[in-house]
Each structure stands twice: as structure tokens, then as C-alpha cells.
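# Tertiary structure, described
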Number of protein chains: 2
Amino acid sequence: VSPDAVPLDRVLVAGAGLMGTSVALALTARGCSVHLLDRDPQALRLAVDLGAGVDRPPTGDPDLVVVSTPPATIGVVTKHLQSIYLHSSFTDLSSVKAYVQQEIEALAVDSVRFVGGHPLAGRERSGPAGARADLFEGRPWVLTPGPATGAETLARARALVRACGAQPVLMDPVRHDRAVALASHLPQIMASATAAQLGPDTSDAAAIAGQGLRDVTRIAASDPKLWAEIIAANAPFVLDVLDAVAADLDRIRAELREATQRSVDTTTKSESDESTSSQRGKLPDLRLVRALIVRGNDGRRTLPGKHGAAPAAFVAVPVVVPDRPGELARLFAASGAAGVNIEDVSIEHSPGQPVGLVELYVQPAVAAGLTRSLTDAGWSVHG
Amino acid sequence: VSPDAVPLDRVLVAGAGLMGTSVALALTARGCSVHLLDRDPQALRLAVDLGAGVDRPPTGDPDLVVVSTPPATIGVVTKHLQSIYLHSSFTDLSSVKAYVQQEIEALAVDSVRFVGGHPLAGRERSGPAGARADLFEGRPWVLTPGPATGAETLARARALVRACGAQPVLMDPVRHDRAVALASHLPQIMASATAAQLGPDTSDAAAIAGQGLRDVTRIAASDPKLWAEIIAANAPFVLDVLDAVAADLDRIRAELREATQRSVDTTTKSESDESTSSQRGKLPDLRLVRALIVRGNDGRRTLPGKHGAAPAAFVAVPVVVPDRPGELARLFAASGAAGVNIEDVSIEHSPGQPVGLVELYVQPAVAAGLTRSLTDAGWSVHG
């Protein structure tokens, strides 16, 4: 069976939450006949009203059943629906996979017809009201075949991933869970732990909050019940990464405590003390804080850029460009004439500014040559 | 002296980094004559090329000198320039204020002519290449008058804030520093501590990284030297908030450790043990994790929305709207006819979807009435 040739004519989505309804919207837009189930009649009605599908069960076996319920119920829901739909394949959308796989092997009627799935997409809001047909567009979608998973089931799950515009990534359930502890569960806890320090007494902080605090705490708006369950299902790996973070924080807290103590000592020394004036204004060098931020710089660079390439692979050649029609075209023509392939480009320009800064991202080996060629051609290059 | 009537004809910006160059661009766009200084000739040349000002010192006293150097040098730079420009006012752009105020009082020629300033804006990149004339547009800009700060100096600093399109906020230096530890320095450390867990061995996590990890770690790309210095200058308040975070993390780590231990106990029990099958699949209820996420929900809600109003003050009335021209206008007309003021609106719609979900944000007191009126008029309201 060629993976992308498998048709998905009829799909049952069990659970009309954010993820399930988004899958249903994407499939409906592709012409697939989608049936929706949810024990909450209000959620189901909203999903149907949004055009995600019909709220009748299918009359025959659907090609695929997408179990989009919380982790703890996936095993029992799959067991129940496998006993009704004897020829359907099954997948889920939950963000923990080893636990779900264990549940399926322990409970499900037929683990040949199940493959775990985890689309790496989401929003800080939950429920069908936040659903979007394009939620998965261009996102990775991990599929975690178990030892028994059949080829047809995997092919149908891949067809689902493609129909939602996502990229299938095959991974072992345990490897997935270790990765997701770091990529998803840790950021959730860090965002919540940061936002948890804000409250009625911190209105000064809220008044001056910038984009940094907003970005760090955006996902702190997530659903507590769902997330406590996700973290419970991946407790050992989450604990590992949290222990590592706590060790880092302990080290810099010790350094800060020492710096604070030293500054108090200096302040309380008598004014006549020689050392006071020489110490005045001297900030302690927080080596461990700096080292943590450097490691953060490096870690951040491991995340792929928008085209999936690591930004560190390219070098930026900054060029000042007048804000006149045709100048960008002239710049690209000049780069082309120099025989250099532009990998990416970023343009900094704000209203009222007579010039903009264009950064041309190129392979490191050609950056010096491009700088020379553009400079020779009269461009203002800041290499 | 009326604060907004003070002219800023000539300004000296000492330090052509991200912030200084952005201020210079904003002032130049307003027709102010801007002079730039930087000990790094490359940075200075780029700032000048970007149209931020001229690299000559002013021939007379500028109205205002903006000292945009790192915290540890603000005192000495101000002292030096106050001895040259005897009638100029001075302000800075650094994110710590009590330390800078102490430095000024200890070192500067004239603390009457100084007022601390902190524009709450920034980017994860540094240097003049990232500068933008609109960086401060609509952002708060804290001014922290000291005991000696004169009225004319404060008026000129307010004129600077207004010229950059920002909102002046007056605050005591110590109160500012406590707020900024929470609103800015804590998120920086949390972002860095999260990103620091990523490295060459975590390519699985990078491959599946979603928007959550990206948002939490965006500011992890910040300058280590500058940030270690900022945190050093605010060590006691940063330590306070980090201690609170560490206590929260310790509690949930203990809970996770217990959950992991319990699950190992269950797994290693003999298959014949009665308790095994009843325990199977049962996820531990992580009360403390859930409580932290709930506190994070509440904390996140204290941050003002885009119009400066707390989003919690309004209630969303979701309405399903067909994707046809004129439908939104009809909906707003119907809301107007019901006598309800729409405070904010969000529209969820993705390509290929025949309907969209419009959420009308209104005062809680009128939500039920609006729901009734719209339902009576034939709209599909999901209240």
C-alpha cells in the first residue's frame, strides 16, 4: 500500500475539542465525509455549526477513527469503538505516546488497527471555538507505530496527516515522550511558573509588562485539567528535565545570594573605609547567570527557522537600502550577478524612516565575496 | 513648565545600540536634530547610515542627552558629559533604576539635571542593526525622578517619551526595580533556563518544537553580557522572585517524583496481584501541578490586553457567521440595534471554511441580553 494513495472517504472524529474539531474542519475542506461524536452536546453543536461535520454516527465502518479525547480515556474509547467498527483504523491526537500505547495494548480489541499520533500544533485556548482548519498546516505530526501496528492503519494515518497539511514524522513512543517533555511539557511548566508569580499585588509589573513577559507566559493560559493529565502521563521524563532546570536555577540563586550579601556588606561599611569608594558602583560579575544565558543562546539556535533550516547555518550580510521603488529588485539583481544564492532575507523598516536595513542570509563560504561585490557596486554593506 | 510644551530641538544620544539608535531614529523622524556618539566606530557608522543622526558632537548644549550605555557606565558617562554640556538635561534608557540613581547621586556633577528612564520595549537582537523608529510606539516608558530631579529635566524627558510615541509612567526607582524583576528579569531567566536544556543531543525535541517552545524561548536569544549586568544591578529583587519560583518548582517536582515512584511500584507488582488491573491506566491526579497551572491562568489574566484593558473584564459572546460579504456588518448592526457596546472583537476563520466564529467582547452585565437579541434575530449564538 503506497502511503499517500490510501483514500480517506469517511472519518469519525471522537471528541469535538480544539484538536478534534480542527482535524474535522481540515478533512471536511478536503471533501471527506466527517462524523463527529462528543459527550458534551454544546461542544458538538458548535463544531457542527462551524461546518466540521455531522453529528450522526456513520452507517458503515469509517476508514479512520480519530480518538481526540484526553489521554486517560483513549484506551477505553478505542476499545469501545473498535467493537462497533470492525474494519476501521484508529489513531489519537494526544501529546503522550508511551502511556497511550500501553493502554491500547492492555485494553484495545485490536492493536493492529491502532497507531498513536501527535500533531505538534495547538493553541492556548481549548474547545471547538478555537478550532481552525489550518491549525496543522506545515507542522510536524508524529506517528508512533507500536509493535503490532498494521501497514494499512499506518497508511491511513499518514493520509490523515497529509490531508491536514502536516508533515508526518515517525518515532518510537518512548523517544517521542522524551522529546516532548523538553519541547512541550517543560515550556508549559515554565510559562505557568512565571505567570503564577503575577497576581493582584503585582499591578506595577502588569503595567510595564512587555512582549517578553507576554511571550514567555502565552501558553500559561492553557487548560489546567488537561495539562495536569498530560504531565501525569509523562511524569518520569518531565521530572528529568525539571530536575535539570532546578539545578541550573539553584546555581544562579546561590550566585545572586552571594552578590546581594556582598553589596549589603559594602553599603554598611563605614564611609571612611578606603574600600567603599573603590567598590562603589562596581557590579558583581555574575558568571553563572551569564553562562546560563549563553547556553540559552546556543539552545535557542538549535530550533529550526521558518523554512525548517537552522538559522545558524547562514550568515547575515546587512545592507542599507533607500526606501525607493525598485531598490530591492536592484539589490537582488546585484546579488544574482555576484553568483550568490540568497537563502533568506529579512527587512527592517519602520514608517518615516528614509532607509531600511536588508539582511541577506547566505552560506558562510560566500558571505565575504557577496560583501565585496555589493560594496564594489556601490551598496552600503555593513559586513 | 507644561510637560508637553518643552521643545526638543537638539538631542545627543550617547550609545548607538539597539535602544539608543531607535530613539535617534524616532527623534530624527520628528525633525529633531540628533547627534550620535559611540566608542565602536562600526556601530556608529551603521546608525548614521540608517539615518539616525550625525556623528558630530553638537556645537552648543543639546536640550537633552540620552545616555544609552550599559548600567555600569551610566554614572561615569553622565558625569563626563555633564562637565561638557552645562545646561543640558540627562536621562538614560537602562532597565534598572535604583542602582543608576545611586550612581548618579554618587558620581554625577549635577543630579538636578538627571532623571532615570526605562522604555519598556526591546528586541531579542542587539546593536543598531535591530533599531526601529517605531520600537517604542504605544509602549510604557517609566521615568523615575530622584529627590533632586528638576522640573525642566522631567519635562524634557517627558517630551522625549512623547516624541517616541510612548506613554510616560512615573515611578519610584525602587518600586520600578521590584516590578521589573518580575515583568522582565524573571521571564529572561526562565526563557534562558528553558532554552539551556536544548543542545546537540536534543534534535528530536528541536524537530517537533512548536510555537509554545518558540514563544517561551524567544528572548533566550538576548545578549548574555548585557543581561548578566542588568540582573547584577537588580540582584536582590531578582533573587526574591527566583526563590518563589524555585519553591513552586520544588513542590511539583516532589509530586512528580512520588507519581513516578508509584507507577514503578505498580508495574513491578506481580500480574496476579488484584490491584494491578484496577490500577492499570489510572493516571495520578497531580494536584500541585494543576494548582500551579490554575495560578498561571490567573496571573496571565492580570496582563492588560492590546487596548490596555484587562481581558477578564469582558465576556465573549461567540457567534457563527457565514463567510459572505456583508455578514459582519449585519452582525454589528444587530448588536447596535440591541443597544450593546462591543468592546473588542476576535474573528476565527481559516481558508476553505464556509463559516467563521466571531467573538464579541462585551461588559458582563449585557452579555445575556446580547445573546437573546442576536438569537431572536436569527444568529447562531453559542453563549
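For the structure, check the block above.
Residues numbered from 1 in each chain as written. Chains lettered and ligands numbered in written order. Predicted model: local features only at pLDDT ≥ 70, side-chain atom pairs only at ≥ 80, totals over all residues. Heavy atoms only, no water.

### Re the overall build of chain A
Tallying secondary structure elements over chain A gives 14 helices and 11 strands in all. For 383 residues, the compact-globule estimate of 2.2 N^0.38 gives 21 Å, and the C-alpha radius of gyration of chain A, at 27 Å, exceeds that figure by more than 25%. Projected onto its principal axes, the C-alpha positions of chain A cover 85 × 65 × 40 Å. The proportion of buried residues among the 383 residues of chain A is 54%. Contacts in chain A between residues far apart in sequence, at least 24 positions, make up 70% of those at least 6 positions apart. Summed over its atoms, the accessible surface of chain A is roughly 15900 Å², and 53% of this surface lies on carbon and sulfur atoms. Placing the 36 positive and 42 negative side-chain charges of chain A at their respective mean positions leaves the two points 1 Å apart. (Helix = DSSP H or I, 4+ residues; strand = E, 2+ residues; numbered from the N terminus. Rg over C-alpha atoms; globule rule 2.2 N^0.38 Å. Buried < 20%, exposed > 50% of the residue type's maximum accessible area, 1.4 Å probe, protein only. Contact = heavy atoms within 4.5 Å. Areas by Shrake-Rupley, 256 points an atom, 1.4 Å probe, with all protein chains shown as cover. Lys, Arg positive; Asp, Glu negative; His and termini not counted. Charge placed at Lys NZ, Arg CZ, Asp CG, Glu CD.)

### Some thoughts on the sheet that holds strand S11 (residues 380–381) of chain B
All names here are of chain B. Within the open sheet, the 4 strands sit side by side as S9-S10-S8-S11. Their pairing is antiparallel. Of all strands in the sheet, those bounded by a partner on one side alone are strand S9 (344–348) and S11. Judged from the 8 bridges that link them, strand S8 (residues 315–322) and strand S10 (residues 355–362) form a sheet pairing that is antiparallel. Each bridged residue has a counterpart across the sheet, and for Pro322 the counterpart in S10 is Val355. (Pairing = 2+ DSSP bridges.)

### A look at helix H12 (residues 287–301) of chain A
A rise of 1.5 Å per residue sets the reference length of H12 of chain A, with its 15 residues, at 21 Å; its end C-alpha atoms lie 21 Å apart and thus fit the reference within 8%. Taken as a whole, H12 of chain A has its buried residues at Val289, Leu292, Ile293, Gly296, Asn297, Gly299 and Arg300 of chain A. (Expected span 1.5 Å × (residues − 1).)

### Description of the interface of chain B and chain A
Facing the 120 residues of chain B at the interface are 122 residues of chain A. One can count 6 salt bridges joining chain B with chain A. Summed over the shared surface of chain B and chain A, the number is 24 residue pairs in polar contact (both at pLDDT 80 or more). Ranked by the residues each element gives to the side of chain B that touches chain A, the list is headed by helix H10 (residues 235–268) of chain B, at 16 residues. The residue makeup of the side of chain B that touches chain A, split by class, is 67 nonpolar, 27 polar and 26 charged. (Salt bridge = Lys/Arg side-chain N within 4 Å of Asp/Glu carboxyl O. Polar contact = N/O pair within 3.5 Å; in protein donor to acceptor, adjacent residues only side chain to side chain. Nonpolar A, V, L, I, M, F, W, Y, C, P; charged D, E, K, R; others polar.)

### Side note on the relation of the copies chain B and chain A
Screw-axis analysis of chain B against chain A gives a translation of 0.0 Å along the axis, an RMSD of 0.0 Å, and a rotation angle of 180°. Taken together, the turn and the small shift mark the pair as related by a two-fold rotation axis. Residue Val216 of chain B, judged by its C-alpha, is the member of chain B lying nearest the rotation axis, at 2.0 Å. Of the interface residues in chain B, 100% have counterparts in chain A that sit at the interface too, so the contact is made through matching surfaces. (Least-squares fit on C-alpha atoms with pLDDT ≥ 70 in both.)

### Considering the pattern of salt bridges
The full count for this structure, using the stated rule, is 27 salt bridges over all chains. Among the salt bridges present, the one from Arg253 of chain B reaches Asp243 of chain A, with a minimum N-O distance of 2.8 Å. With Arg253 of chain B in helix H10 and Asp243 of chain A in helix H10 (residues 235–268), the pair connects residues from two separate chains. The class for Arg253 of chain B is buried, based on a relative accessible area of 13%. For Asp243 of chain A, a relative accessible area of 27% puts it in the partly exposed group. Glu152 of chain B is the partner of Arg156 of chain B in a salt bridge, and the nearest nitrogen-oxygen pair spans 3.4 Å. Here the residue Arg156 of chain B and the residue Glu152 of chain B both occupy positions in helix H5 (residues 151–163), the gap between them amounting to 4 residues, near one helical turn.

### Thoughts on a nonpolar patch on the surface
Residues and elements named next belong to chain A. Judged by side-chain polarity, Leu328, Phe332 and Ile347 come together as a nonpolar surface patch covering roughly 240 Å² of accessible area. Position of Leu328 relative to the elements: it lies in helix H13 (residues 327–337). On the accessibility criterion, Leu328 (33% relative accessible area) is partly exposed. (Patch = residues over 30% accessible without salt bridge, like charges linked within 9 Å, V, L, I, M, F, W, Y side chains within 5 Å.)

### Remarks on the pairing of strand S3 (residues 64–67) of chain B
Residues and elements named next belong to chain B. Neither face of S3 is open: one carries Leu64 and Val66, the other Val65 and Val67, and all of them are buried. Two strands pair when backbone bridges link them, and strand S1 (residues 10–14) and S3 are joined in this way by 4 bridges, in the parallel orientation. Bridge assignment links Val11 to a residue of S3, and that residue is Leu64. In this structure, S3 lies alongside strand S4 (residues 89–92), joined through 4 bridges in parallel fashion. Within S4, the position partnered with Val66 by the bridge is Thr91. This β-α-β element, S3 to helix H3 (residues 71–84) to S4, shows right-handed connectivity. (Right-handed = clockwise from strand over helix to strand, strands pointing away.)

### Considering the packing of helix H9 (residues 224–232) of chain A against helix H12 (residues 287–301) of chain B
Viewed as axis vectors pointing N to C, H9 of chain A and H12 of chain B meet at an angle of 140°, and their least axial separation amounts to 9 Å. Taken together, the axis directions place H9 of chain A and H12 of chain B in an arrangement best described as oblique. Regarding H9 of chain A and H12 of chain B, the two cross each other, and that crossing is right-handed. Contacts between H9 of chain A and H12 of chain B involve Pro224, Lys225, Trp227, Ala228 and Ile231 of chain A from the first element and Val289, Arg290, Ile293, Val294 and Asn297 of chain B from the second. Broken down by class, the residue content of the contact of H9 of chain A with H12 of chain B amounts to 7 nonpolar, 1 polar and 2 charged. (Axes fitted to C-alpha atoms, helices over the stretch in contact; angles between N-to-C directions. Parallel < 35°, antiparallel > 145°, perpendicular 65-115°, else oblique. Left-handed = near helix turned anticlockwise from the far one by under 90°.)

### Looking at the side chain of Thr91 of chain A
Residues and elements named next belong to chain A. Position of Thr91 relative to the elements: it lies in strand S4 (residues 89–92). Engagement of the side chain of Thr91 in a polar contact is seen with the backbone oxygen of Val115, the distance being 2.7 Å. Setting aside residues no more than four positions away along its own chain, Thr91 makes contact with Leu64, Val65, Val66, Val67, Phe114, Val115, Gly116, Gly117 and Leu160.

### A closer look at the environment of Arg123 of chain A
Topologically, Arg123 of chain A is positioned in the loop between strand S5 (114–119) and strand S6 (140–144). A residue is classified by how much of its surface remains accessible, and Arg123 of chain A, at 26% relative accessible area, is partly exposed. Residues Arg123 of chain A and Ser222 of chain A, spaced 99 residues apart in sequence, show a C-alpha to C-alpha distance of 8.0 Å. Apart from residues lying up to four places away in sequence, Arg123 of chain A is in contact with Leu18, Gly130, Arg132 and Leu135 of chain A together with Glu348 of chain B.

### Describing the pairing of S4 of chain A
Residues and elements named next belong to chain A. A two-sided burial pattern is seen for S4, the buried positions comprising Ser89 and Thr91 on one face and Phe90 and Asp92 on the other. As defined by bridge partners, S4 adjoins S5 across 2 bridges and the pair is classed as parallel. Note that in S5 the partner of Thr91 across the bridge is Val115. Read from S4 through helix H4 (residues 98–107) to S5, the crossover connection turns out right-handed.

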